[in-house]
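Architecture and fold: a report
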Amino acid sequence: DPTQRWLRGLAAMSQQLQQVHPNVLAKILKQRTVYQNEEIVVIDKPYGLPVHGGPGIKNCIADVLPILAKMLENMKAEPLHLCHRLDKETTGVMVLARSKEAAEKVRVLFKTRQVEKIYWAIVLGDPDPVEGVVEIPIVEKEVQSHQSHYKMTLAPNYRVRPEDGRVVKTRRTRHAESAVTRYRRLAAASACSLLELQPVTGVKHQIRVHLAYGLGCPILGDHKYSHWSKLAPQKLPELTLRRLKLEQSKARHLPLHLHAHRLCLPLGQPLDFVCKPPLFFQKSLRKLELDIPKD
């Protein structure tokens with residue numbers, strides 16, 4: 001079955017990135033360089049590659065930055081520096097800096113919200129309204145279930161009182177961070193939508209949480225945020241499964257369809273970087289008959 005092969009290939013690729021020699025990984029990132037000048041290097045981050053190390057992670061972007069710097073310049077290059085992060089499963093535009101000073105400059109631009117970030121996501125369902133802003137604080141919580149785990153979740157400032165339907169202010173949750181995401185629907189078909197997203201703030205897993213719990217439209221392949229109380233594969237609508245030629249029992253292999261499509265960086269003159277979605281994302285768009293907007 002071609003769909004199974006395609007999904008297995010993607011999982012294998014993600015595992016391979018963990019097995020390869022760091023030099024090979026640096027070479028892959030070099031081939032995925034979309035821009036460089038004396039201050040920054042911009043790469044198109046592949047699927048399934050973590051930015052930072054951690055338990056069970058053999059290869060990550062942070063570890064190969066010294067090798068990548070040498071490959072891009074010459075043997076004497078100082079290591080590249082991380083300026084921001086993307087989730088392991090997220091693909092697309094990622095900025096690295098050639099020096100500590102340049103990294104600090106770029107980090108300040110991110111922190112002061114001067115960087116414009118545009119993501120694309122394929123989601124289940126149709127957001128209502130089709131364009132708007134989600135502005136709900138986010139906090140990390142432990143989920144008590146048969147398998148205890150931590151998740152980011154919403155910590156709303158207001159709730160509806162069941163007894164009389166009035167909107168009342170809630171007590172502010174400690175450690176909750178304010179989070180703002182703009183969204184707009186670009187296409188809808190097959191019980192799914194293609195959304196353009198602009199995170200104004202940069203809270204961990206912000207887009208995924210705002211879409212799943214704020215709009216009720218989890219990202220296709222987001223098995224972590226499709227349910228609150230359990231860790232289980234995403235349940236897909238019948239029509240979506242048919243179009244993807246997929247059985248529900250195999251849905252757990254679906255990758256996260258979240259892509260950092262565009263980034264505008266006001267560094268000296270405004271720099272504008274665009275990365276096309278990866279092949280698996282484009283394939284899903286075609287199968288689901290979601291029309292890619294012409295840039």
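Residues numbered from 1 in each chain as written. Predicted model: local features only at pLDDT ≥ 70, side-chain atom pairs only at ≥ 80, totals over all residues. Heavy atoms only, no water.

You'll find the chain entered in an unreviewed UniProt entry as Pseudouridylate synthase RPUSD4, mitochondrial, with Thryothorus ludovicianus given as the organism. Of the comments in the UniProt record for the chain, the one headed Sequence similarities (unreviewed entry) reads "Belongs to the pseudouridine synthase RluA family." Under the Subcellular location (unreviewed entry) heading, UniProt states for the chain: "Mitochondrion". (UniProt positions renumbered as here; feature names shortened; annotations may be inferred.)

Remarks on the state of the cysteines
Under the defined criterion, the tally for this structure stands at zero disulfides. Counting only cysteine sulfurs, Cys275 is the nearest neighbor of Cys264, a cysteine outside any disulfide, at a range of 12 Å. (Disulfide = S-S within 2.5 Å.)

Comments concerning the domain arrangement of the chain
Along its sequence, the chain is carved into domain 1 (1-112) and domain 2 (115-263). For domain 1 versus domain 2, the separation of C-alpha centres amounts to 25 Å. Taken together, the 17 residues of domain 1 in the interface contact 19 residues of domain 2. Taken together, both faces of the contact between domain 1 and domain 2 bury some 1500 Å²; the carbon and sulfur share is 63%. Here domain 1 and domain 2 share one salt bridge between them. Close ionic contact of Asp87 with Arg208 constitutes a salt bridge, the shortest N to O distance being 3.0 Å. Secondary structure elements with two or more residues in the side of domain 1 that touches domain 2: helix 1 (2-19), strand 4 (91-97) and helix 4 (100-111). (Domains from an automatic or database assignment. Contact = heavy atoms within 4.5 Å. Buried area = accessible area lost by both parts, 1.4 Å probe. Salt bridge = Lys/Arg side-chain N within 4 Å of Asp/Glu carboxyl O. Helix = DSSP H or I, 4+ residues; strand = E, 2+ residues; numbered from the N terminus.)

Some thoughts on the side chain of Arg208
By the secondary structure assignment, Arg208 is in helix 5 (residues 206-214). At 2.9 Å, the side chain of Arg208 forms a polar contact with the side chain of Asp222. Sequence-distant contacts of Arg208, defined by excluding residues within four places in its chain, comprise Asp87, Glu89, Ile219, Asp222, Lys224, Tyr225, Leu256 and Leu258. (Polar contact = N/O pair within 3.5 Å; in protein donor to acceptor, adjacent residues only side chain to side chain.)

Some points on the side chain of Ser190
Looking at the secondary structure, you find Ser190 in the loop between strand 11 (180-189) and strand 12 (192-199). Classification of Ser190 as buried rests on a relative accessible area of 6%. Among the polar contacts made by the side chain of Ser190, one reaches the main-chain carbonyl oxygen of Leu288 at a distance of 2.6 Å. Dropping the residues within four chain positions of it, Ser190 is found in contact with Leu239, Thr240, Arg243, Leu288 and Glu289. (Buried < 20%, exposed > 50% of the residue type's maximum accessible area, 1.4 Å probe, protein only.)

Concerning the pairing of strand 11
Pairing of strand 6 (residues 131-135) with strand 11, which is carried by five bridges, proceeds in the antiparallel orientation. In the strand pairing of strand 11, Glu131 is matched with Arg184. Examined bridge by bridge, strand 11 and strand 12 share eight bridges and lie antiparallel to one another. Following the sheet pairing, Thr181 is matched in strand 12 by Pro199. If you look at the hairpin formed by strand 11 and strand 12, you'll find two residues sitting between the two strands, and Ser190 has a positive phi there, around 55°. (Pairing = 2+ DSSP bridges.)

Brief notes about the packing of aromatic side chains
Inspection of every chain in the model, using the stated rule, returns four aromatic pairs. Seen from their ring centres, Tyr47 and Phe280 are 5.2 Å apart, and the 70° between their planes marks the pair as edge-to-face. Taken together, the residues Tyr47 in the loop between strand 2 (40-45) and helix 3 (61-72) and Phe280 in helix 7 (residues 279-287) connect sequence positions 233 residues apart. Neither residue differs from the other here; Tyr47 and Phe280 are each classed as buried. Here the aromatic residues Tyr213, Tyr225 and Trp228 are joined through ring pairs into a cluster of three or more. (Phe/Tyr/Trp six-rings, centres within 6.5 Å; stacked < 30°, edge-to-face > 60°.)

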